[in-house]
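Structure at a glance
Here is what each chain is made of, one letter per residue.
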Amino acid sequence: EQGIVRGIAWDDACVFCEQAECLPNTYNLNGSLATTEEIRQPVDGCSYSKNECRLFVKDGSDVCDLKLHVVWTGTDVDGKVLLSSDSRPSAFPPNRIQENVKGRYDKMVQSLSDLKDQVTGG
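Residues numbered from 1 in each chain as written. Predicted model: local features only at pLDDT ≥ 70, side-chain atom pairs only at ≥ 80, totals over all residues. Heavy atoms only, no water.

Attention now moves to the state of the cysteines. Under the counting rule described, the total for this entry stands at three disulfides. The disulfide partner of Cys53 is Cys64, and the S-S distance across this bridge is 2.0 Å. Judged by the sign of its S-S torsion, about -90°, the cystine formed by Cys53 and Cys64 is left-handed. Remark: Cys64 occurs in the loop between α2 (50-58) and α3 (94-120) and Cys53 occurs in helix α2; sequence separation between them is 11 residues. By relative accessible area, which is 28% here, Cys64 ends up partly exposed. Numbered by order of appearance in the sequence, the disulfide-linked cysteines of the protein pair as 1-3, 2-4, 5-6. (Disulfide = S-S within 2.5 Å. Helix = DSSP H or I, 4+ residues; strand = E, 2+ residues; numbered from the N terminus. Buried < 20%, exposed > 50% of the residue type's maximum accessible area, 1.4 Å probe, protein only.)

This is how it looks when you write it as structure tokens:
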């Protein structure tokens, strides 16, 4: 707000994995697991076992490397709205992407059908 950080919020980190792969992964400063009730934010994230990660690394994948995506909400010191939160990963869950692509595909098919009818007089 006006360039002053008022808080930190965690995003839903489980939008890209099955529920069985979504486990608590947020910790307090003393090393104990945090709870949603305690910090009033999501605390779970997608996870792989150490053995799974070893296999990924062996295959050349970096899927288990720590990735941190930082986005901002609010306004800067000049009052300009910060827009990066629109690019956070949870804004693009797989089901929304699929729905968006299907919707565009359906519109494209309809447009081609309409164009065909115009050309053929149908």
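What follows concerns the confidence of the model for the protein. A residue-level look at the protein finds 83% of positions with pLDDT of 70 or above and a mean pLDDT of 80. For the protein, the element scoring lowest by mean pLDDT is α3, at 74; α2 scores highest, at 94. (pLDDT = per-residue confidence, 0-100.)

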